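Observations on the model geometry
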Amino acid sequence: MINAISTLSVLALLFGLGLGYAAIRFKVKGNPLVDQIDAILPQTQCGQCDFPGCRPYAEAIANGEAEINQCPPGGQEGVDALADLLGVETLLLDEEHGETKPKRVAVVDEKVCIGCTLCIQACPVDAFVGSSKVMTQVIADECTGCDLCLPVCPVDCIDMIEIKPTIKTYVPTLKELVHA
Amino acid sequence: MRLWSELTLPKLIIKKKMQASFLNTNQIMRQVIYALVLGVGAQIYFFGLSVLIQILLGCITAVATEAIFLRLRGQAIKPSISDGSAILTAILLAISIPSIAPWWVIVLGVLFAIIFGKQIFGGLGHNPFNPAMLGYAFLLISYPLQMTQWPSEFLSITHASETIFGLSSIDGLTGATKLDYVKTQLMMGASIKEIGSISISQLWINIGFLIGGIYLLFRRVILWQIPISLLSGVVVMSSILFLMDSNHYASSIFHLLSGATMLAAFFIATDPVSASTTPLGRIIYGFLIGILIVIIRVYGGYPDAVAFAVLLLNITVPLIDFYTQPKVLGK
Amino acid sequence: MPNSNFKGGLKIENPYPSNEIDLIRIPLPDKVVLPMQQRIGNQAIPCVNIGEHVLTGQIIATIDDDRCAPVHASISGTVTAIGNHVYAHQSGLKGLCVTIESDGNDEWVDTSIGCTENYKACLPLTIYDKIRISGIVGMGGAGFPTHTKMRLAAGCKNIIINATECEPGITCDAALMEAYPTKVIRGVEVLLHITGAEKAIIAIEDDKQDSINELNKYCNNERIEIKVIPTKYTSGAEKILIKTLLGIEVPSGKFASDVDILCLNVATVVAMFDAVVENRPLISRAVTLAGSAIKEPKNLQVRLGATYDYLLSFVDLEEGSHKVTMAGLMMGINLKGTDYSVSKNTNCIFIDKAQESVVAQECIRCGMCNTVCPVELLPQQLYWFSKSENIEKAMDYNLLDCIECGCCSYVCPSNIPLVNYYQFSKALYKKQTLEKAQIEKARERFEFREMRLERNKRERAELMEAKKIALKEKMAKDKAQKEKIDAALERVNAAKIDNKEEDAS
């Protein structure tokens, strides 16, 4: 009886020391989890997740303060990828934060634009080119479709155009290919 | 050396659509069932029709279990049942157990095999373990008494049914298999010379399965790697032991023609779903099964080792597959 | 001596004997619909307008990229439409096409200017440009611009002419060689001259005996070897062919030009000959029409842009619903209906009687697919990973090396359409890579913007600080100044008071 207790105690002590050593010796600098989560998020900085940007949302997920299904631009695939990364069950995208829309880019109606530059200030990725009292237009390649420019435009001259797949950019779905 | 692809594929004729494969999955299962006929015939010749009763019970249980489970999973029943894999599992299990075992033995065994060996993993193609062997291992561990009472003489059909359904006792009808006998005798210190030669019934049953297996090889239903390597493994391991001490270890011929060696080589280990898939991997897989069969027979606690050898190697299949990938063109 | 055989592949009996189907020239079509999006490169931009009259061989669309080839009018007539029309593509999407209605004259552009017979006196760069201007692309199916391929393989040691036509059922290349053997040989001579290669090998399968005889009759150049290889499907895949003929393995991800080999399809060589020596751009090609719904298969020499319906009017088509396949029984794509037109890489059109589609069963892991893969991949593993969309693992198992030959799908006992799974995974991989790059770019721009705003704020704060300090200094200076003035004033006042007192006393 004494034998058993002492053996287990010694083992516990040894393992505890080992774990403590490992915790210090192999400590990872920074928080790579946040970076990994951030790499999966679509970087639209749209705020639909109720956080002021993608990085804060990533930090919140890493801290357990937010669910993984709050990002509409990432779509269900994004939620699944986050679930994979974190090793948790995947969830359905939470519709209350918005619905996933197909990839869209903003286009300014050039006849209506007044050059107020409010959209330039609103865009999180600087996808607008223009200046004060000068007509402004969107650089389509840079636009992430976050919709943040829509509400600030005083003359409502920005439209979101859906990008349709062309022969070159077409991606078939598994269902189509396999009649699954 | 002729290339394998030329060996397996004769000039295929393209019919209207590109569906002129030589055999589809359903036909493969059926061919395997047909190839079992000779071996089962030998069993009937020596021990009566009891094995057919077991097969019948097994098949009914298999189909019923699979149907219920498919319904529970919300899948279509007819396509899955008609591919014949459940029936094949039931038949393999039915011919592996003693033919005079009580009816509930085969029923429980098939239930376990179909449910825990196949359906909970997602049905055909998804199971990591050979279902028949899983069922056999379950029965052997749970009901060792019933699983070691082998028939020692020919039984008529009425006698057999009465025995199986518990209506008359089996005393006086049972005996150990030759493997069992050899093992106990060796443990008691007798030497091989004293024990005697291979039992006739085992010899012919194994030859029956061997011929069936060769038929499958020629029909290209199974590939040569697993049977040849399995039998080589048995020969190699038993020869090593025999050469070390021919008095206390049985010869290769004995191991090849006793127990379920031939059945394992051509019908059980060749189950494509649970076996290795790369050519080199198959050779390693079969060889190790052969070696394990002899080791477990000689040093293990059970007389016949096919089930455990196969199950153990099933676990290692992903590892074998990973390390035996062929070299890709251009890498 | 390399083994004239390779692992994997399938020996499939050709349903239509190649030796017996001659090349037939058909009359000019009434209209042609020319697609602007070729297989490789960006969409060509039309340089003609609706209503304009164009000549045969006139360039009607150009691409900004020097590596790609322009599109030519294949008949003379009037441009009647520039609009969207469905493409012969598995997506069924529409793309830009130029429609020309024939005026029946087949008036050509001036074909007297160019390299002609004296091509040996021309610089290689001139010849490359001529090939580009003539719109020559690979006609074996890949459609890679030939001039770019030749430029990449400049200085190559070996030229391989792929006349194997290994896909069963297609016979257009064989018919072309039987009809124009001299063009093939002389085209190879042009290639030898441009590249300076030591030798050229024309690889041809042994079931095309008539073509072999014709070529042998006209070939008397010792630098050109006509090599007959055993008939086996995928013997004509570029990497497999190079391994079979020369024993060289092209590294994964690289091309034949990286190992100093130029490999061209025989139809491309003939088109190139026409372009260099006869100054005629690529405006027609040989197309095989076959299938179980066509009584007698035919090889037709057609103008590009001719509609499928026009072609089918030359064969006996059985009634009933049909399955339309473009480009071969093994690698072809299924199309709906026949409202398409011939493009540069349409080598055959199969019309089969419609059949019930076969339901795929579960994979039983039999490994048959592993034994027939000519690239020695593990199709079974790729299947499981593609099914679960685990692209990372699929890439580990060399997904991108798959040539989509269809051997694995052919032998699968469960009738699983394996190649379609790999096509899906490859497309998914491309999409994921693209998305990752876009996300990275968006993040960089966002972080730069944050930094820029921070920097603005900081600079403004520093500016404010500096201004404050300057103001303080100024105030201090002013104050000091004021004190000086006050002191001076005091002194003045004090002096004044002193004076007053002195005056008073």
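Residues numbered from 1 in each chain as written. Chains lettered and ligands numbered in written order. Predicted model: local features only at pLDDT ≥ 70, side-chain atom pairs only at ≥ 80, totals over all residues.

**Points about the overall build of chain A**
Applicable threshold: A run of H or I in DSSP counts as a helix once it spans at least four residues, and a run of E counts as a strand once it spans at least two, with each numbered from the N terminus. Here the globule rule is a power law, 2.2 Å times the number of residues to the power 0.38, and the radius of gyration is based on C-alpha atoms. Any residue surrounded by 20 or more other C-beta atoms within 10 Å of its C-beta is treated as buried, while 12 or fewer makes it exposed and the intermediate range makes it partly exposed; C-beta atoms here are placed from the backbone. We call two residues in contact when their backbone-placed C-beta atoms lie within 7 Å.
From N to C terminus, chain A includes 6 helices and 4 strands. Counting helices and strands in the order they occur from the N terminus, chain A gives α-α-α-α-β-α-β-β-β-α. Taken over C-alpha atoms, the radius of gyration comes to 24 Å for chain A, far larger than the 16 Å a tight globule of 180 residues would show. Along the first, second and third principal axes, the C-alpha atoms of chain A reach 90 × 50 × 30 Å. Of all 180 residues assigned to chain A, the portion counted as buried reaches 23%. Within chain A, contacts between residues at least 6 apart in sequence are counted, and of these 56% link residues at least 24 apart.

**Some remarks on the sheet that holds strand β9 (residues 94-102) of chain C**
Residues and elements named next belong to chain C. So the rule is basically this: Between any two strands, at least two bridges found by DSSP are needed for them to pair.
Strand order across the open sheet formed by 4 strands is β3-β9-β8-β5, with antiparallel pairing between neighbours. Since the sheet does not close on itself, it has two edges, and those belong to β3 (31-35) and β5 (53-54), each with one partner. Bridging between β3 and β9 involves 5 bridges; their strand directions are antiparallel. Following the sheet pairing, K31 is matched in β9 by E101.

**A word on the sheet that holds strand β6 (residues 59-62) of chain C**
Residues and elements named next belong to chain C. Taken together, 3 strands build an open sheet; the order of strands is β4-β6-β7 and the sheet is antiparallel. Single-partner strands in this sheet number two, and they are β4 (45-46) and β7 (71-72). Bridge count for β6 against β7 is 2 bridges, and the pairing is antiparallel. Across the sheet, the residue bridging to I59 is H72, located in β7.

**Quick word on the interface of chain C and chain A**
In plain terms, the rule: Following the grouping adopted for this structure description, the nonpolar residues are Ala, Val, Leu, Ile, Met, Phe, Trp, Tyr, Cys and Pro, the charged ones are Asp, Glu, Lys and Arg, and the polar ones are all others, Gly among them.
Counting residues at the interface gives 21 residues for chain C, matched by 18 residues for chain A. The dominant element in the side of chain C that touches chain A, judged by the number of residues it contributes, is helix α13 (residues 418-504) of chain C, at 13 residues. Considered class by class, the residues forming the side of chain C that touches chain A number 10 nonpolar, 7 polar and 4 charged.

**Structural notes on the interface of chain B and chain C**
With 35 residues of chain B at the contact, the number on the chain C side is 47 residues. Going through the elements one at a time, α1 (4-8), β1 (12-13) and α2 (25-35) of chain B are the ones with two or more residues in the side of chain B that touches chain C. Per-element accounting of the side of chain B that touches chain C gives the leading share, 4 residues, to α1 of chain B. Class assignment of the residues belonging to the side of chain B that touches chain C gives a composition of 16 nonpolar, 12 polar and 7 charged.

**Looking at the domain arrangement of chain A**
Residues and elements named next belong to chain A. Heads up, the rule is: What marks off one domain from the next here is an automatic or database domain assignment.
According to the domain assignment, chain A contains domain 1 (32-97) and domain 2 (101-180). The distance between the C-alpha centroids of domain 1 and domain 2 comes to 22 Å. Contact residues are listed per partner, giving 4 residues for domain 1 and 6 residues for domain 2. By residue class, the composition of the side of domain 1 that touches domain 2 is 1 nonpolar, 3 polar and no charged.

**Focus: the pairing of strand β8 (residues 77-86) of chain C**
All names here are of chain C. Taken together, the 2 bridges between β5 and β8 define a ladder with antiparallel strand orientation. Within β8, the position partnered with V54 by the bridge is G77. In terms of strand pairing, β8 meets β9 through 9 bridges, oriented antiparallel. Counterpart to G83 in the pairing with β9 is C97.

**Some thoughts on the nonpolar core**
For the record, the criterion: When buried Ala, Val, Leu, Ile, Met, Phe, Trp, Tyr and Cys residues are joined through C-beta atoms within 7 Å, the set is termed a nonpolar core.
Judged by nonpolar contacts, the single largest core of 144 residues is most densely connected at I160, I161, L176, I202, L262, V269 and V287 of chain C. At 10 residues, helix α7 (residues 266-277) of chain C tops the list of elements feeding residues into this core. Summarising the domain contributions, this core has at least three residues from each of domain 1 (18-22 + 110-349) and domain 2 (363-505) of chain C. Setting aside residues up to four positions removed in sequence, L262 of chain C forms contacts with K149, M150, A153, C156, I159, T195, A197, A256 and S257 of chain C. Core analysis: the second largest hydrophobic core is formed by 90 residues, I100, I114, A137 and V234 of chain B among them.

**Regarding helix α3 (residues 172-179) of chain C**
The buried fraction of α3 of chain C amounts to 7 of the 8 residues, a majority that puts the element mostly inside the structure. The set of residues buried in α3 of chain C consists of C172, D173, A174, A175, L176, M177 and E178 of chain C.

**Some thoughts on the packing of helix α8 (residues 131-142) of chain B against helix α18 (residues 306-323) of chain B**
Residue and element names in this part refer to chain B. Counted only if it meets this: Each axis is a line fitted through C-alpha atoms, and for a helix only the stretch in contact is used; angles between axes span 0 to 180 degrees, taken between their N-to-C directions. Each angle gets one of four labels, with under 35 degrees taken as roughly parallel, over 145 as roughly antiparallel, 65 to 115 as roughly perpendicular, and the rest as oblique. Take the far helix as your reference; a near helix turned counterclockwise from it by less than a right angle gives a left-handed crossing, and one turned clockwise gives a right-handed crossing.
As a packed pair, α8 and α18 sit with axes 9 Å apart at the nearest point and diverge in direction by 125 degrees. With respect to each other, α8 and α18 are oriented oblique. α18 is crossed by α8, and the crossing has left-handed handedness. Contact residues: α8 offers M133, L134, Y136, A137 and L140, while α18 offers A307, F308, V310 and L311. Tallied by class, residues from the contact of α8 with α18 come to 9 nonpolar, no polar and no charged.

**Regarding helix α3 (residues 37-47) of chain B**
Residues and elements named next belong to chain B. Put simply, the test is: The arc refers to the directions leading from the helix axis to the C-beta atoms.
Buried residues of α3: G39, V40, A42, Q43 and F47, and no others. Each buried residue of α3 lies within a common arc of 150 degrees when the element is viewed along its axis, so the set occupies one face. Just downstream of α3, G48 is the residue with a positive phi angle, here 90 degrees.

**Points about the packing of α3 of chain C against helix α5 (residues 209-218) of chain C**
All names here are of chain C. α5 packs onto α3 with a crossing angle of 35 degrees between their chain directions and a minimal axis gap of 8 Å. Judged by the twist between their axes, the crossing of α3 over α5 is left-handed. Along the contact surface, α3 presents A174, M177 and E178, while α5 presents D210, S211, E214 and L215. Each residue belonging to the contact of α3 with α5 can be placed in one class, and the counts come to 3 nonpolar, 1 polar and 3 charged.

**Focus: unusual backbone geometry**
Residues and elements named next belong to chain A. Phi angles above zero are rare outside glycine, and D50 is one such case at about 80 degrees. Take D50: it is sitting in the loop between α2 (32-40) and α3 (54-63). A count of 12 C-beta atoms within 10 Å places D50 in the exposed class. Unlike most non-glycine residues, T117 shows phi in positive territory, near 65 degrees. Within the secondary structure layout, T117 lies in the loop between β1 (104-108) and α5 (118-122). Residue classification places T117 among the partly exposed residues on the basis of 15 C-beta atoms within 10 Å.

**Comments concerning the arrangement of the chains**
When the 2 pairs of chains in contact are compared, the highest contact count belongs to chains B and C. One finds no contact between chain A and chain B; the C-alpha atoms of the two approach each other to within 14 Å at their closest.

**Things to note about the confidence of the model for chain A**
Rule in force here: Per-residue confidence from the predictor is reported as pLDDT, a score between 0 and 100.
Confidence in the prediction of chain A, expressed as mean pLDDT, is 85, and 98% of residues score 70 or more. For chain A, per-element mean pLDDT is lowest for helix α6 (residues 174-178) of chain A, which scores 74, and highest for helix α1 (residues 2-25) of chain A, which scores 93.

**Focus: the environment of R30 of chain B**
Residues and elements named next belong to chain B. Tracing the sequence through the fold places R30 in helix α2. The partly exposed category is assigned to R30, around which 16 C-beta atoms lie within 10 Å. Along the primary structure R30 and I87 are separated by 57 residues, whereas in three dimensions their C-alpha atoms are 9.5 Å apart.

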